[in-house]
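This is what each chain is made of:
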Amino acid sequence: MSPRETPPRAGPWLWLLAMAVGPGLALWAVVQAEPAGFVLRDELQGARGGVAWFLAGSAALVLGLWWLLARRVGWGAGLSLVVGRWRWLAGLPLLPLLRYEPSGATGLLAPFLVVLGGGLAGWSAYACSDMSGRAWSKVQAVFGSARACGGLLAVAGAGVLARVYDLALLRHEALSSRVYDLGIYDNLLWNTLHGRPLVSVFVPGGNHLTAHVDPVLLLLTPIYGLAPGPEILLAMQAVAVLSGAVPVFLIAQRRLGRPWLALTLGCAYLLYPSVHGTILFDAHSLAFAAAPCLWALYLLERERWWGYAGMVALLLATREDLALWCCGLGLYAALGRGARRVGAATIAVALSYFVLLKGLVQPEPERYARRYAGFLPDGEGGFSEVLASLLSNPAHAVYEVLSGPKLVFLAVLLAPLMLLPLLAGRRWWTYGFGLAFTLLASNTMNYYALSHYTVMIFPVLFAATPAAIDRAAGWVGRLGGDRERALRGLGVAVLVASLLATLRLGALVDNGSFRGWPHGLSYGLSDAQRGRIAWLREVARGIPATASVAASNQVGAHFSTRDGIAMYPQVKDADWLVLHSKDLQPKGGAVDVGRFTRRGYVLVEQWEQEIYVLRRDAGR
């Protein structure tokens, strides 16, 4: 160090120490015979002194970086540069913990580590003040083009689509799909295709309007008709949900004016665990609302009123409770964008539509109020009683909302976006119904971060993130920092946090954490599973088209593309019965086939002791 240089403070030396040991400690954990046991229970096989070699190697790497920089700028300045740019190395020992921590999307540790990792990466990116050079200029030329970044997003989207659709098919073929809900929606579209709109014997009353009002299914029927069956329905759902990356890109490009940041947020959407959960939990009309929610917000901000009206109409046609989501959209239009007439019209139309549906179309809907049992002290009543409880006892509402599992739910949703949607300002109006729908519920599925119900909230989180990034970078500028570098740091933080989140909580890799409600995913089929699905398809082809079939929940989604299908045990006297042992004996044990033969059925085929195919004996 030259006499003119000021000795660095203690902070950089501590960071240098952490950076020097970080890669070694991370690699030492990974190479253990049982990394999970080592990380979680300190189960070490072999001598602990072996870590010294790993620490020496990583220390040599970091000190070498320091030496290379010091040759150009001096030891003190080199220390500042290496610590600033490579600070993220200190966080590497946390990666094995993120990989093997057991709670996944049901605990706070994973989202905490995601935010910490993203924060360290973003801090390092902010510190990179010198971004000159010919190589970097070429990178900027590519990522500074909206067209090029849009093309890259399309390529990324195609890759994610191929992956999640393959996983959806594997899940279906592994018998993890159910009548509730893949079989229901497949049968709805089948009946609609054959002139019976929204009819299905799987739902009470034989018509889906008793559960949800979703005429959007009528628009999907022509596509479904190209190759009727659960497979095309799963494909349509995957395309519809992932297409939300396009309005995310456009919202970010319009607000931030930096294509690479728009690309980052579009990719973050594709990597988002809740996006994967929405696609990989059977099929639901609500999933088709994800992209229209984002398009409605984009068109509102562009003041493209006819397009905005069309998106609101599409949302109202997707599910009846989205009318209440549109009320939040109207509040944002009026109070956040100054479009008071548009906001008032949105709220008036949405509320009128909702009241009309509840009064005329759904006078006796399914009792979804029971999902908010915490506000029904006697366990009985409807949404009017829930509302009365909320207004008369707000302290109880706070108690319900701030429970541990619901805070975990929020943490998992916000961590991939670095908590930035909390800075959304007036866009909080769009959060209202989604937060109420999920956080006030007593039903676990409503506030499970990998459930399709997250569609009520994650689109608005993504729509708000560009404004939050802009606001946070503005604060940095007003405090004397560099706004442009802050934008870069926040973008890198979101990208790294999204990558960490998808690696631990998402579906794209087998991390042992992702649950396609309520089951884990199949990332491949065993020989036995391949034989079983081939046999089951052969059974389906062998049943006459005119015969009536009653299938149990575990296998019903493989027989829903037909007339005359019903669910066992709601219907017990069909021409054919296809039954899974888990539906007949949920607690295990042998299935008594004799109880069916005594009722006049003949056992035609069976797959081991798991699936039974019976036909009514015409001679009895």
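Description of the structure in this document. Worth saying up front: this structure is predicted, and the values here are computed from it rather than measured.

Rules behind the numbers
Residues numbered from 1 in each chain as written. Predicted model: local features only at pLDDT ≥ 70, side-chain atom pairs only at ≥ 80, totals over all residues. Heavy atoms only, no water. Pairing = 2+ DSSP bridges. Helix = DSSP H or I, 4+ residues; strand = E, 2+ residues; numbered from the N terminus. Axes fitted to C-alpha atoms, helices over the stretch in contact; angles between N-to-C directions. Contact = heavy atoms within 4.5 Å. Core = buried A, V, L, I, M, F, W, Y, C linked by side-chain atoms within 4.5 Å. Buried < 20%, exposed > 50% of the residue type's maximum accessible area, 1.4 Å probe, protein only. 1 Å grid on protein atoms, 1.4 Å probe; cavity = no way out; pocket = protein on both sides within 12 Å on 5 of 7 lines; lining within 4 Å. Points joined across faces, edges and corners; volume = space filled by probe spheres on them. Disulfide = S-S within 2.5 Å.

1. Some words on the sheet that holds strand β7 (residues 611-616)
Consideration 1: The 5 strands are arranged β4-β3-β5-β7-β6 in an open sheet whose pairing can be described as mixed. Strands at the two margins of the open sheet, each flanked by one partner only, are β4 (565-567) and β6 (601-607). Taking each pair of neighbouring strands and ignoring which way they run, the sheet shows an average axis angle of 20 degrees.
Consideration 2: With 3 bridges joining them, strand β3 (residues 549-551) and strand β5 (residues 576-580) adopt parallel strand pairing. In the strand pairing of β5, Ala551 is matched with Val578.
Consideration 3: Contacts from helix α25 (residues 527-542) reach β6 and β7, with the element oriented near 145 degrees to β6.

2. Some thoughts on the nonpolar core
Consideration 1: One finds Tyr269, Trp325 and Val578 to be the most contacted residues of the largest nonpolar core, which totals 158 residues.
Consideration 2: No other element matches helix α23 (residues 458-478), which puts 10 residues into this core.
Consideration 3: Setting aside residues up to four positions removed in sequence, Tyr269 forms contacts with Val241, Leu242, Gly244, Ala245, Val248, Val275, Ala290, Leu294, Phe458 and Phe462.
Consideration 4: Counting 13 residues, the second largest nonpolar core, distinct from the first, contains Leu16, Met19, Leu69 and Leu92.

3. Regarding the side chain of Arg258
Consideration 1: For Arg258, the position within the fold is in the loop between α12 (245-256) and α13 (259-271).
Consideration 2: Take Arg258: its relative accessible area is 19%, and that puts it in the buried class.
Consideration 3: Those residues in contact with Arg258, other than ones at most four positions away along the chain, are Gln253, Arg483, Glu484 and Leu487.

4. A few points about empty space enclosed by the protein
Consideration 1: On inspection of all chains with the given rule, the structure shows 1 cavity of 30 Å³ or more.
Consideration 2: When residues of the lining of the largest cavity are traced back to their parent elements, those giving at least two are α15 (290-302) and α23.
Consideration 3: By residue number, the principal contributor to the lining of the largest cavity is α23, which donates 3 residues.

5. A closer look at the state of the cysteines
Two cysteines whose sulfur atoms are joined by a covalent bond form what is called a disulfide.
Consideration 1: On inspection of all chains with the given rule, the structure shows 0 disulfides.
Consideration 2: For the unlinked cysteine Cys293, the closest cysteine sulfur is that of Cys326, found at 7.3 Å.
Consideration 3: Exposure remark for Cys293: the relative accessible area of 0% places this residue in the buried category.
Consideration 4: Judged by relative accessible area, which is 0%, Cys326 ranks as buried.

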